[in-house]
Structure formats: C-alpha cells, structure tokens
Amino acid sequence: MEKLRCAVLDDYQGVSTRLADWSSVSAQVEVTVFREHFSGEEELVAALSPFDLLVVMRERTPFPAALLGRLPRLRLLVTTGMRNASIDVAAATARGVTVCGTASATEPPVELTWALILALARNVVGESTAFRQGGPWQHSVGVDLHGKRLGLLGLGKIGSRVARVGLAFGMDVVAWSPNLTEAKAAEVGVTRAVSKEALLETSDFVSIHLVLGERSRGLVGRAELARMRRSAYLINTSRAAIVDQAALVEALQQGVIAGAAVDVFETEPVPVDDVLRKLPNLLATPHLGYVSQGNYTTYFREAVEDIRAFLDGAPIRKLG
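Calculation notes
- Residues numbered from 1 in each chain as written.
- Predicted model: local features only at pLDDT ≥ 70, side-chain atom pairs only at ≥ 80, totals over all residues.
- Heavy atoms only, no water.
- Axes fitted to C-alpha atoms, helices over the stretch in contact; angles between N-to-C directions.
- Helix = DSSP H or I, 4+ residues; strand = E, 2+ residues; numbered from the N terminus.
- Parallel < 35°, antiparallel > 145°, perpendicular 65-115°, else oblique.
- Left-handed = near helix turned anticlockwise from the far one by under 90°.
- Contact = heavy atoms within 4.5 Å.
- Nonpolar A, V, L, I, M, F, W, Y, C, P; charged D, E, K, R; others polar.
- Phe/Tyr/Trp six-rings, centres within 6.5 Å; stacked < 30°, edge-to-face > 60°.
- Buried < 20%, exposed > 50% of the residue type's maximum accessible area, 1.4 Å probe, protein only.
- Lys NZ or Arg CZ within 6 Å of the ring centre and 35° of its normal.
- UniProt positions renumbered as here; feature names shortened; annotations may be inferred.
- Pairing = 2+ DSSP bridges.

Taking an unreviewed UniProt entry as the reference, the chain is identified by name as D-2-hydroxyacid dehydrogenase family protein belonging to Corallococcus interemptor.

Put into structure tokens, the structure is as follows:
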C-alpha cells in the first residue's frame, strides 16, 4: 500500500524527528521536514500539493480558505497548540480536512518575558556586546526592578505567572484587561488598574499578555504610547498586532518611551532591511516565547499521536 505523505513545516531547528518517536506511524506515513519558511501562497501550493498530512508550527504559516482550497490531497492538519488563529478551521472542516492540536505549556513564554525585562533593565545586550568587541567597561547604569511598577495588560494564565515573578522581585504589580475583576486581581495578589490609561501612565514596565482579537487588535497605539512615561519600557511577547507597529517605531525613534522588547512581529521572519532591526532602543528576539525543549517535545510527540489516531479513524484533540 502506498504511504501517505506528511510534511512538517517551519521546523527551523530541524528537531521534529529527533524530539519525537515517529515509529508508530512510519509504516503508513512518509515524513518530509521543511526547515525554510515558505513566504507566499504559490510557493506553498507548489511545495505542499503532494502531501496528505501537514504538521504546522503555531502560526508561522497561515492556512486561509483560499490556500486550503488549492490543496485537494490534504486530509489532516495538525497544529502545535490548541489555538491557531491563522488556520481557517471552518473552511478546513467544510473541505473534509480534520484539524487537530497539541498541548502547550505556559511556562516558556513567562520565562522569556522575564529574560527580556531583565535584559532591558540592565542593558545586558549592550554591555555584553561591548565586552566582546573591546568596548567601554561599564557604559550604562541599570534600572532597578525592586520598587518599580509593573503594569500587565492581561492577567490570564501567562500574565498571572508573570505577575507572581514581579511580586517576588519586590515590584508593585498592577493589571488591566476589559474583563478583569478586582476579585481576580486579588487572587493573584496584584491591584486592578482603574483603566488602561491609568496603567500606562503610572507603570515603569508595561508587559502585554492578551489574546489577539477584535477588542485587543491595535489596543496600544500612538495615543497610548504617548501616555507612558519617557523612562518606561514596553514588552510584547503576545501578538504583534496588539501594538500599532508604526506607532511603536515612531515612539522609539522619538524617545517617547525609553525602550521596548518584542518577540512577535507582523511578518515573520522579519525582512533583513526592516527598520525594527536598526532601532538601538529595541530589544528583539525571533519569536522564541514557546521555543523550548519541553514545549517542542510535547508538540511533536502529540502531533505523532494525532496522526496515529487519525489513521485509526478516531481523531483526538480536534479543533472546531
């Protein structure tokens, strides 16, 4: 019997077949790993047309209805994580494509958030670069976290964990989201800000931990950035579209805020000539929030489980 063909997309590090045991499906499935990102629909159609099964990494490659309609062989689409806004699940279901997900841990993005906050506060990148390049010995004065205010836009699973670390550092932690109640904030041990504006105006560090949706898209724009202190820092490890990117670039160029750290971008990978790569007061990482050994092991192990269950006629962790 001819094997089904499965493509693993955007496996930048080439680890999908090393971090999971694919032997349970190898008799029926031939796996091809793509490490390079496909940037356009025509490239995707040309590369993916021969495949019956796809494993996609988070939201690195969108699958809108138009693209799904050009992949007639596709039968199963597995995404890492149980939420993927870049897949048109309804369109996939209508075409008879089963969409399944995997578990995803919240600890890795929390840890990266704090890596970015600490690196901003103590100018770790600048000082380390100077050290390696024979530059000045100590050329910056770090910002203390103890006693400073950490403002969190979002106090869900990730935001709550970020809050507890802030409290451990001795920070004054406040939070705001459209549905946040004083009772929920009190459970975490933080104060509910009376408004988004009040949080922005009084915080030394503002960190975003919201799900992207109609209410959160463009939540932080030019007017909101102007409310922040000139000494304040903005951290976004959530979704790029929550912050108006043009307004952020302008704010950093004009010194409206002291700096920012971002792990998420509107276009990924970010073009080599993008202005974001040239801003001296921007600390940027290439969407590393969920990129950890533990998370990746879970992703690919459960992706194999999803494929095995689909082959057995009893799909698990279905979306939609």
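### Quick look at the packing of helix α4 (residues 107–121) against helix α6 (residues 157–168)
At a closest axis distance of 9 Å, the pairing of α4 and α6 adopts a crossing angle of 45°. Regarding the angle of α4 to α6, the classification is oblique. Handedness of the α4/α6 crossing: right-handed. Every residue of α6 that contacts α4 at E107, P109, V110, T113 and W114 is listed here: I158, R161, V162, V165 and G166. Residue classes in the contact of α4 with α6 are distributed as six nonpolar, two polar and two charged.

### Here we look at the packing of aromatic side chains
Counted by the stated rule, this structure contains eight aromatic pairs. On the basis of an interplanar angle of 35° and a centroid distance of 6.0 Å, the ring pair of Y296 and Y299 is categorised as tilted. Of this pair, Y296 and Y299 both sit in helix α11 (residues 293–311), three residues apart, roughly one helical turn. The pair formed by Y296 and Y299 is uniform in burial state, with each residue classed as buried. A centroid spacing of 5.8 Å and a plane angle of 90° characterise the contact between Y296 and F300, whose relative ring orientation is edge-to-face. Of this pair, Y296 and F300 both sit in helix α11, separated by four residues, roughly a single helical turn. For the pair Y296 and F300, a shared accessibility class is recorded, and that class is buried. Among the aromatic side chains, those forming a connected cluster through ring pairs are Y290, Y296, Y299 and F300. The ring centre of F51 lies 4.5 Å from the NZ or CZ of R5, which sits over that ring. Sitting over the ring of Y290, R58 keeps its end group 5.2 Å from the ring centre.

### Some remarks on the UniProt feature "domain: D-isomer specific 2-hydroxyacid dehydrogenase NAD-binding" (unreviewed entry) in the chain
The feature "domain: D-isomer specific 2-hydroxyacid dehydrogenase NAD-binding" (unreviewed entry), as annotated in UniProt, sits at residues 115–289 in this numbering. Spanning residues 115–289, this segment combines 33% helix with 15% strand, and its end C-alpha atoms are found 10 Å apart.

### Considering the pairing of strand β3 (residues 53–56)
Along any regular strand, the residues point their side chains to alternate faces of the sheet. Residue alternation in β3 divides its side chains into two sets, L53 and V55 and L54 and V56, and both sets are buried. In this sheet, β3 lies alongside strand β1 (residues 4–8) in parallel orientation, the contact comprising three bridges. When the bridges of β3 are listed, A7 appears paired with L54. Note: β3 against strand β4 (residues 76–79), four bridges, orientation parallel. What sits directly across from L54, in β4, is L77.

### What about the sheet that holds strand β10 (residues 233–236)?
Spatial ordering of the open sheet is given by β8-β7-β6-β9-β10-β11-β12, a layout of seven strands whose pairing is parallel. The sheet terminates laterally at β8 (191–192) and β12 (282–284), the two strands that pair on one side only. Alignment of strand β7 (residues 172–176) against β8, held across two bridges, turns out to be parallel. Bridging across to β8, A175 finds its partner in R192. Across the sheet, α4 touches β6 (149–153), β9 (205–208), β10, β11 (259–262) and β12, and the angle it forms with β10 is around 155°. The sheet strands contacting helix α10 (residues 245–254) are β10, β11 and β12, and the helix crosses β11 at an angle near 140°.

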